[in-house]
Amino acid sequence: MSKLQKKGRSKTMFWIWMTEAQSEADARIYTQPEIISTYGLDFDSGRRPQAKNIPTIEIYKPADQNQLTDNLIAPGVTGIVINRKVYSIFEKNNINNIDYYDAVVIDEITAKKEANYKVGNIIGLIKCINFEKSELVLDDQDGSIEFIDKLVLNEDYLKEIKLKIFRLEEFPPIIIVDDLVKKELESANISGINFYKPEEFVL
């Protein structure tokens, strides 16, 4: 039994993963790759796309964006765009609920290619929000989440699920990771990710 387990569940056991810049030098790529629209791809839904045999996803980096992060800030791609450094941490932790697609980052001016990245589609939607303790603004029509002032998760339920990374069924854009994976990513100084305690998260 680990020291974390011996101390019980008083510490935060699950964290919100946010793809964000950590410095002004971090590249931000907002254009959408042609393949995403052509194939109607959505890697943020927690489900596998219907399209088969998806070609290498070409991500064009603007000339004024220099520093590529380990977790690439490229919202137009959808999903997570990670390099081998992140992938190796996932592999080490036996995370097997992510589908990977080949990707290449191309400099718009020099045409230099960086093939160290893959697009990750996190498979798994977990319904685990404690609505009574959370502070949310819901849509009057369909009850969907519009704004978040505080997010409380049913961690006892998540302990039984045992997934180390997943998306919230109630709000799929949010990625949740467990504490051990978060610590490994931080220890490796992975760039392009910030972690937030769910109860302190505002959206």
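As shown above, the structure is provided for reference.
Everything quoted here is computed from the prediction, not taken from an experiment.

**Observations regarding the packing of aromatic side chains**
Here the structure, examined in full by the defined rule, presents 5 aromatic pairs. When the centroid spacing of 6.4 Å and the interplanar angle of 90 degrees are considered together, the rings of W17 and F195 count as edge-to-face. Placement of the pair is W17 in strand 1 (residues 14-19) and F195 in strand 12 (residues 193-196), with a sequence separation of 178 residues. As far as the burial class goes, W17 and F195 line up, both buried. Seen from the ring of W15, K182 lies directly overhead, with NZ or CZ sitting 4.1 Å from the centre.

**A look at the environment of G79**
By the secondary structure assignment, G79 is in the loop between strand 2 (57-61) and strand 3 (80-83). Expressed as a C-alpha distance, the spacing of G79 and D44, which sit 35 residues apart in the sequence, is 4.9 Å. Those residues in contact with G79, other than ones at most four positions away along the chain, are F43, D44, G120 and R167.

**Comments concerning the sheet that holds strand 12**
With mixed pairing, 5 strands are arranged side by side in an open sheet as 7-10-11-1-12. Each of the sheet's edge strands pairs with one partner strand only, and the pair in question is strand 7 (125-126) and strand 12. Relative to strand 12, strand 1 runs antiparallel, the two being bridged by 4 bridges. The partner of W17 across the bridge, within strand 12, is F195.

**Quick word on the layout of surface pockets**
Its boundaries defined by the atoms lining it, the largest pocket holds a volume of some 440 Å³. Taken together, 21 residues line the largest pocket, and the ones lying closest to its centre are M18, T19, D44, G79 and P173. Going through the elements one at a time, strand 1, strand 3 and strand 11 (171-178) are the ones with two or more residues in the lining of the largest pocket. When residues in the lining of the largest pocket are grouped by element, the largest group, 4 residues, is from strand 11. Here the residues of the lining of the largest pocket are counted per class, giving 15 nonpolar, 4 polar and 2 charged.

**Digging into the pairing of strand 6 (residues 117-122)**
Of all 6 residues that make up strand 6, 5 are buried, and the element is covered over most of its length. Relative to strand 6, strand 3 runs antiparallel, the two sharing 4 bridges. Opposite I82, over in strand 6, you have K118 as the bridge partner. In this structure, strand 4 (residues 98-107) lies alongside strand 6, joined through 5 bridges in antiparallel fashion. Its bridge partner being in strand 6, D102 is matched across the sheet by K118.

**Points about the environment of E170**
With respect to the secondary-structure elements, E170 resides in the loop between strand 10 (165-168) and strand 11. By relative accessible area, E170 is classed as buried at 17%. Here the alpha-carbon distance between E170 and I126, two residues 44 residues apart in the chain, equals 8.0 Å. Excluding residues that lie within four positions of it along the chain, E170 makes contacts with I126, K127, C128, I129, F131 and I145. A distance of 3.0 Å separates a polar side-chain atom of E170 from the backbone nitrogen of C128.

**Side note on helix 3 (residues 84-92)**
Residues of helix 3 that are buried include every one of V86, I89 and F90, and no others. Looking down the long axis of helix 3, one finds its buried residues gathered within 100 degrees of arc, a one-sided arrangement. Opposite the buried face of helix 3, at more than 90 degrees from it, the exposed residues are R84, E91 and K92. Elements in contact with the buried residues of helix 3: strand 1, strand 3, strand 4, strand 10 and helix 5 (179-187). Of the residues one or two after helix 3, N94 is the one with positive phi, at around 55 degrees.

Criteria and cut-off values
Residues numbered from 1 in each chain as written. Predicted model: local features only at pLDDT ≥ 70, side-chain atom pairs only at ≥ 80, totals over all residues. Heavy atoms only, no water. Phe/Tyr/Trp six-rings, centres within 6.5 Å; stacked < 30°, edge-to-face > 60°. Helix = DSSP H or I, 4+ residues; strand = E, 2+ residues; numbered from the N terminus. Buried < 20%, exposed > 50% of the residue type's maximum accessible area, 1.4 Å probe, protein only. Lys NZ or Arg CZ within 6 Å of the ring centre and 35° of its normal. Contact = heavy atoms within 4.5 Å. Pairing = 2+ DSSP bridges. 1 Å grid on protein atoms, 1.4 Å probe; cavity = no way out; pocket = protein on both sides within 12 Å on 5 of 7 lines; lining within 4 Å. Points joined across faces, edges and corners; volume = space filled by probe spheres on them. Nonpolar A, V, L, I, M, F, W, Y, C, P; charged D, E, K, R; others polar. Polar contact = N/O pair within 3.5 Å; in protein donor to acceptor, adjacent residues only side chain to side chain. Arc of directions from axis to C-beta.

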